[in-house]
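Analysis of the macromolecular model
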Amino acid sequence: MSRKTCTVVACLTMLLSTKAGATDTCYRGGDLLPNYLLNGSASLSGNNILVTPDLEDQNSSVMFNPTFSSTGDIHLKLVFQITTTTGSGADGWAFVLHSDPRGAAAIGSPGEGIGYGEQSGTVSTKISPSVAVELDTYRNTSRNDPSDNHIGITVDGSPTHGSGANRNLPTYDLNASDMVLKSNTPMYAWLDYTASNSRLRVYLSDSNSKPGTALLSTTRINFEARLGPTFMMGFTGSTGGAR
């Protein structure tokens, strides 16, 4: 698995119920990042959160400290940037909603675990219970990855698509579109969850304009049943050990 830098421009806009106002948690620079906990290799860089530096075997999570109710609708907007454009550039990053007992200190395994999941062949750590939207830049065939440029929804810290708890959860091969995760340009993601029918939708664009059609959609995950009455959220990421 090859290295990469995953720079997440820390702008997370949340609307956690249809009656609430939007909460903008963008990082504006400085030595402190209120309401977030940086774990592992994560650091602050200018006006950005650097999830993983351009080094091998890095592993990170950045968790937003407050907890949120799992019984209401959720609408999130993310802005991120992956700066490595050359090589195979492992491994990716994920946006994770979880009720792991470690709270804001939760972190998973490096490499194919992408900072939230387990790593095969080892005694490893994962964030669980959880719902993750992974943005994967390295194809691990043992994880049923469709390509080295894909997104997917997973649960309970398992990065293996299409089996176990992830059976029938969607993935999308971005090679079928004109979007490239390793583009070194800002990209935009939206996550919408409707509690009444457990509908989770994920949208992705290379412009600040929400598409009309979701790339990922499922009704197989009920947040309250999966995560309990409240959950935390944050970013994870990792790099691999080979160049």
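Residues numbered from 1 in each chain as written. Predicted model: local features only at pLDDT ≥ 70, side-chain atom pairs only at ≥ 80, totals over all residues. Heavy atoms only, no water.

Side note on the pattern of salt bridges
Just so we agree on the cut-off: What makes a salt bridge here is a side-chain nitrogen of Lys or Arg within 4 Å of a carboxyl oxygen of Asp or Glu, nothing more. A run of H or I in DSSP becomes a helix once it reaches four residues, and a run of E becomes a strand once it reaches two; helices and strands are each numbered from the N terminus. Think of it in three bands: residues with accessible area under 20% of the maximum for their type are buried, residues over 50% are exposed, and the middle band is partly exposed, with areas taken using a 1.4 Å probe on protein chains only.
Here the structure, examined in full by the defined rule, presents six salt bridges. Among the ionic pairs, Lys126 bridges to Glu118, the shortest N-O distance being 3.8 Å. Across the pair Asp156 and Arg226 runs a salt bridge, and its minimum N-O distance is 2.7 Å. Taken together, the residues Asp156 in the loop between strand S10 (150–155) and strand S11 (171–173) and Arg226 in helix H1 (residues 223–227) connect sequence positions 70 residues apart. Residue classification places Asp156 among the buried residues on the basis of a relative accessible area of 18%. According to the relative accessible area criterion, Arg226 is partly exposed, its value standing at 28%.

Looking at the confidence of the model for the protein chain
The predicted coordinates of low-pLDDT regions are not to be read in fine detail. We count it as follows: Every residue is assigned a pLDDT by the predictor, reflecting its confidence on a scale from 0 to 100. Note on contacts: a residue pair is in contact if any heavy atoms of the two residues lie within 4.5 Å.
Scored by pLDDT, the protein chain comes out at a mean of 86, with 83% of its residues at no less than 70. Segment residues 1–10 is flagged for pLDDT under 50; beyond a separation of four residues in sequence, or across chains, it makes 76 contacts in the model.

Quick look at the environment of Gly240
Note on placement: Gly240 falls in the segment after strand S15 (230–238). On the accessibility criterion, Gly240 (1% relative accessible area) is buried. Taking the C-alpha atoms as reference points, Gly240 and Ile114, 126 residues apart in sequence, are found 9.2 Å from one another.

Quick notes on the environment of Asp136
We apply this condition: Polar contacts, as counted here, are pairs of nitrogen or oxygen atoms within 3.5 Å of one another; within protein the pair requires one atom able to donate a hydrogen and one able to accept it, and residues that are adjacent in sequence qualify only if both atoms are side-chain atoms.
Relative to the helices and strands, Asp136 is located in strand S9 (residues 130–136). For Asp136, a relative accessible area of 3% corresponds to the buried category. Distance in space between the C-alpha atoms of Asp136 and Ser147 is 8.4 Å, their sequence separation being eleven residues. Polar side-chain contacts of Asp136 include one of 3.0 Å to the backbone nitrogen of Tyr138.

Quick word on the sheet that holds strand S6 (residues 59–69)
Threshold: In short, DSSP must find at least two bridges between two strands for them to pair. Lines fitted to C-alpha atoms define the axes here, with helix axes fitted over just the stretch in contact, and angles between the N-to-C directions of these axes take values from 0 to 180 degrees.
Strand order in the open sheet made by the seven strands is S3-S6-S15-S8-S9-S10-S11, with antiparallel pairing throughout. If you trace the sheet from one side to the other, it starts and ends with strand S3 (36–40) and S11, each paired once. Each strand of the sheet is rotated relative to its neighbour by a mean of 15 degrees, with strand direction disregarded.

So, the side chain of Gln58
Turning to its location among the elements, Gln58 is positioned in the loop between strand S5 (48–52) and S6. Residue classification places Gln58 among the buried residues on the basis of a relative accessible area of 14%. Within the local environment of Gln58, its side chain forms a polar contact with the side chain of Ser41, the two groups lying 3.0 Å apart. Within polar-contact distance, the side chain of Gln58 engages the backbone oxygen of Glu56 at 2.9 Å.

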